[in-house]
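Chain and residue survey
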Protein chains: 2
Amino acid sequence: MLTYNLKGKNKYYTLYSLIRDDILCGKLKRGERLPSKRALAEELSVSVVTVQTAYEQLIAEGYIYSAERNGYFVAEVNADFYGKREISLPPEEREKKFAVDFVNGARTELFPFSVWARLMRKVLSDCGEHLLERVPCSGDAELRRAVASYLYRARAIDVEPRYVVIGAGAEYLYGIIVQLLGRDKVFAVENPGHGKISATYRLNGARCAYIGVNEEGVCCDEVEQSGANVLHVSPSHQFPTGAVIPVSGRARLISWANSCGGYIIEDDYDSEFRLVGKPLQCAYSLCSDRVIYMNTFSKSLAPSMRMGYMVLPPKLYEKYLKVFGHSACAVPLFEQKTLAAMLDGGYFERHISRLKNYYRALRQAALEKAANLGVRCTVIAPGSGLHMLLQFPDAPSDGYIKERAAKAGLNLKCVSDYLLAPAPVPERCAVINYSGVSLEQINAINVLK
Amino acid sequence: MLTYNLKGKNKYYTLYSLIRDDILCGKLKRGERLPSKRALAEELSVSVVTVQTAYEQLIAEGYIYSAERNGYFVAEVNADFYGKREISLPPEEREKKFAVDFVNGARTELFPFSVWARLMRKVLSDCGEHLLERVPCSGDAELRRAVASYLYRARAIDVEPRYVVIGAGAEYLYGIIVQLLGRDKVFAVENPGHGKISATYRLNGARCAYIGVNEEGVCCDEVEQSGANVLHVSPSHQFPTGAVIPVSGRARLISWANSCGGYIIEDDYDSEFRLVGKPLQCAYSLCSDRVIYMNTFSKSLAPSMRMGYMVLPPKLYEKYLKVFGHSACAVPLFEQKTLAAMLDGGYFERHISRLKNYYRALRQAALEKAANLGVRCTVIAPGSGLHMLLQFPDAPSDGYIKERAAKAGLNLKCVSDYLLAPAPVPERCAVINYSGVSLEQINAINVLK
């Protein structure tokens, strides 16, 4: 007779698990007859119902079967692998931290948290259970309208709200674009550039072409000769070189897209942070049929805010609806409604203007620090957004610059570190991304000569 | 001399835009000299600074250039396409609505909204600005721990929290899996089944193999012969047939995965809603090295809650960190913290148990309604979760069943509608998915004979 120790309140489940484990490890063998419900109940001092419920669960899962008027039998299971598990080392999830990080990170101290929290509370009580409703694939209509009207105010783009698509961050949207345009397309990306962009396209199964960058942004000749169908570009502020594509270059790229039926993805990721003059006019407003405008709130609001948006050309939007019309939007409605309230209330623009003042001060401090390093150093791309370049003509190599910086507790990269394929780039040129550092950190930097 | 009407407060921007548009449409031609700043300022009755700022913006964008001591000239732009835009028809975003929908939808009335709102407010004040921090690729540590401990309580799976990955819904996670396992892999899916699953794999560039389903779930012979490397399966409750894979079948599938180095994706989407007995033991607990366990909160909480999770085998998790380690999690931290509080506080399980009672009543009402239709009708898969099958042996065809239903305001599909490739399926068999209907709706159904 089977003997089990059934303690605790959930006796039937304990009994079920014990019998199950005995079958899995081979202690109870195929075809073996189990005791009758009554006999086992008596043996274990539990009710017949307990045994019956355990047997029913075992039958439902295929561990045992009942033969009418004949009892219960162990079924054939063949789980030879059971109990043999691979052992693996715990992976390391954290990276080494530097005192001052000029590569990664974003500051959240300036985020208007109290406004955000107040708007969240308001959305929670205003919308109530509507917040549980399924959000259509393109996002909440209210947020799409708020984004369109923000784009009109801030970027002077005249966008119909229905062509705005909300997504869970920029990388998420890159994936959507690959699915929309097709994996057979070649995606041209800026070289040097953000490795994450081409990595995301490649992860999504698309091929990439790497286009050199000069003072006027991506090299148009290379784009035309690349055989690419799609060009991912930041016309207003290339990363890391800071180059701006002049309108003649934009026009040429649009002609290229028109002639090959391709698309330009205008990644406007830090246009809000142009510290000199107004943000530059975007390529989208030159030609909304061939340009996919794209931006994210991760840089401008907070890194945990995985929200980005794109504006699709009308024909592409129709295709988007065909492909994704039955999917739900991946961003929770709650965040969408809160962001809409933030945009409509003007809080977002006030936040951006505060951030700009702050970054201006950071940039100034970094420039002063650079001027007092005691080594020759040239600033490149002074009108840029969240980063600038410092070229050290007397440094022996890029490696030397990074090594010296690391000794002073600074994490930084050089322009050459952003090369995705071999290409000529400015040498001995450090990329100072100040979006993740504080004024105090910059002022405290002490590079030993 | 240029004459423009500069009204409003932002004079420099208006001037900039007007000159820009004149250049774009060809009114101002390449090489043409612009008036001096002073002369234009006088002509337009604005300050010299206004004109200078407008000119600087035009220079920055490449519309004009300045020749030292010689003045400002229109640059070469070549925007021939400017002003020519495609016109497209407004796409239709809404679908036709039925009175009672047995195909789509989920009920949100039972969602414990006041608890959720209370937890949200608590998270907001407890976590404060921490909510703005970047969330690591696998999700918030607190939620991953809460999910692991929920899985232990509810599904008797012993999972290490670090192998839990949080994602923005099930489809999002399917995409991650394709990127992780590789687009060269063949994904086997259940046929008939949810078209969305294979559609998502295909959209992500993977090939699919379609595996027939019988009373014991997916046909193991077909899996073995399919050449597939990955099998996506719902062992505890196949949709739409309701079949359960017995433990012998699960063991055979795991042996298959072991022998070919493949993976089983255990989609446990409605295991919480098994209305008879405990949820069935999951395949993951048989072999955590070859099974990716996956579930979503969209069904159990609310459709707007785009949150799903998967438990990766240790080796695959290491690879996941390598590929996605530098990405951020796509679910906002705020929702993650709130859900963690909901799981840890036992609110989620109380909600599920309320839902189960409700669905039991719905199922009962649907069964009674079916019994009183006045036509012969058999119920298939009575222990199932959120749907059941009604077979009408005397109906002339599947089309006839759907047509009669539509006349009574019911949206329903037959099992054959879920075929992804030709295969034998039960005919004249309606799929009654009652997750989106109310008791009142079922009771009010009046099918004319």
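Residues numbered from 1 in each chain as written. Chains lettered and ligands numbered in written order. Predicted model: local features only at pLDDT ≥ 70, side-chain atom pairs only at ≥ 80, totals over all residues. Heavy atoms only, no water.

What follows concerns the overall build of chain A. Summing up its helical and strand segments, chain A has 14 helices and 17 strands in all. Compactness check: chain A gives a C-alpha radius of gyration of 30 Å against a globular reference of 22 Å for 449 residues, more than 25% above the reference. Reported as C-alpha extents along the three principal axes, the dimensions of chain A are approximately 90 × 55 × 50 Å. Within chain A, buried positions represent 57% of all 449 residues. (Helix = DSSP H or I, 4+ residues; strand = E, 2+ residues; numbered from the N terminus. Rg over C-alpha atoms; globule rule 2.2 N^0.38 Å. Buried < 20%, exposed > 50% of the residue type's maximum accessible area, 1.4 Å probe, protein only.)

This part is about the relation of the copies chain B and chain A. If you rotate chain B by 180° and push it 0.0 Å along the axis, it lands on chain A with an RMSD of 0.1 Å. Considering both components of the superposition, the chain copies are consistent with a two-fold axis. Here 100% of the contact residues of chain B are again contact residues in chain A; the copies associate through an equivalent surface. (Least-squares fit on C-alpha atoms with pLDDT ≥ 70 in both. Contact = heavy atoms within 4.5 Å.)

Residues and elements named next belong to chain A. Counting across every chain of the model gives 32 salt bridges over all chains. The shortest N-O distance in the salt bridge between D394 and R376 comes to 3.0 Å. Separated by 18 residues along the polypeptide, D394 in the loop between β14 (387-391) and α13 (398-407) and R376 in the loop between α12 (347-371) and β13 (378-380) bring together distant segments of the chain. Across the salt bridge formed by K402 and D417, the nearest N and O atoms sit 2.8 Å from each other. Here D417 lies in the loop between β16 (413-414) and β17 (429-433) and K402 lies in helix α13, a separation of 15 residues in the sequence. Overall, the relative accessible area of 26% leaves K402 in the partly exposed class. (Salt bridge = Lys/Arg side-chain N within 4 Å of Asp/Glu carboxyl O.)

Counting residues in each nonpolar core, the largest one holds 298 residues, and the members touching the most others are A:F187, A:Y320, B:F187 and B:Y320. Residues contacting A:F187, with those up to four places away along its chain left out, are A:I177, A:V178, A:L181, A:G182, A:Y201, A:A206, A:R207, A:C208, A:A209, A:V230 and A:I265. (Core = buried A, V, L, I, M, F, W, Y, C linked by side-chain atoms within 4.5 Å.)

This paragraph deals with the interface of chain B and chain A. How big an interface is tends to be stated in terms of the accessible area lost upon association of its parts. Listed as interface residues are 99 residues of chain B and, on the opposing side, 99 residues of chain A. Our count for the chain B to chain A interface comes out at 0 salt bridges. If you look at where chain B meets chain A, you find 12 residue pairs in polar contact (both at pLDDT 80 or more). For the side of chain B that touches chain A, the elements supplying multiple residues, two or more each, are α1 (11-24), α3 (48-60), α4 (113-127), α6 (170-181), α7 (195-203), α9 (247-260), α10 (314-324) and α11 (333-344) of chain B. The biggest single contributor to the side of chain B that touches chain A is α10(B), with 7 residues. Across the side of chain B that touches chain A, the residue classes tally to 50 nonpolar, 21 polar and 28 charged. (Polar contact = N/O pair within 3.5 Å; in protein donor to acceptor, adjacent residues only side chain to side chain. Nonpolar A, V, L, I, M, F, W, Y, C, P; charged D, E, K, R; others polar.)

Here the focus is α13(A). Residues and elements named next belong to chain A. For α13, the set of buried residues is D398, I401 and A405. All buried residues of α13 project into a common sector of 65° when viewed along the axis, lining one side. For α13, the exposed residues set more than 90 degrees away from the buried face come down to E403 and K407. Taken together, the buried residues of α13 touch β15 (410-411), β16 and β17. Here α13 starts with a cap whose side-chain oxygen sits 3.4 Å from the backbone nitrogen of G399, and that cap is S397. (Arc of directions from axis to C-beta.)

Moving on to the environment of B:S47. All names here are of chain B. Mapped onto the fold, S47 is located in the loop between α2 (37-44) and α3. Separated by 312 residues in sequence, S47 and Y359 place their C-alpha atoms 73 Å apart. A polar contact is formed between the side chain of S47 and the side chain of T50, at a distance of 3.0 Å.

Attention now goes to the sheet that holds β14(A). Residues and elements named next belong to chain A. Taken in spatial order, the 4 strands of this open sheet run β13-β14-β17-β16, and their pairing is antiparallel. In this open sheet, the two strands that pair with only one neighbour each are β13 and β16. As paired strands, β16 and β17 are joined by 2 bridges and run antiparallel to one another. Looking at β17, one finds that C414 is bridged to A430. (Pairing = 2+ DSSP bridges.)

This next bit is on α3(B). Residues and elements named next belong to chain B. Across its 13 residues, α3 extends 18 Å between first and last C-alpha, which sits within 8% of the 18 Å expected from 1.5 Å per residue. Residues of α3 that are buried in the fold lie against α1, β1 (33-34), α2, β2 (64-67) and β3 (71-74). Two residues or fewer after α3 comes G62, characterised by a positive phi angle close to 85°. (Expected span 1.5 Å × (residues − 1).)

Residues and elements named next belong to chain B. At their nearest, the axes of α11 and helix α12 (residues 347-371) sit 4 Å apart, and the two run at 70° to each other. Here α11 is positioned roughly perpendicular relative to α12, judged by the angle of their axes. Side by side, α11 and α12 meet where A341, M342 and L343 of the first sit next to Y347, F348 and E349 of the second. By residue class, the composition of the contact of α11 with α12 is 5 nonpolar, no polar and 1 charged. (Axes fitted to C-alpha atoms, helices over the stretch in contact; angles between N-to-C directions. Parallel < 35°, antiparallel > 145°, perpendicular 65-115°, else oblique.)

Time to look at the domain arrangement of chain A. Residue and element names in this part refer to chain A. Taken domain by domain, chain A consists of domain 1 (11-82), domain 2 (100-109 + 350-443) and domain 3 (112-348). The distance between the C-alpha centroids of domain 2 and domain 3 comes to 26 Å. Each partner contributes to the interface: domain 2 provides 29 residues, whereas domain 3 provides 31 residues. At the boundary of domain 2 with domain 3, total buried surface from both sides reaches about 2500 Å², with 64% on carbon and sulfur atoms. (Domains from an automatic or database assignment. Buried area = accessible area lost by both parts, 1.4 Å probe.)

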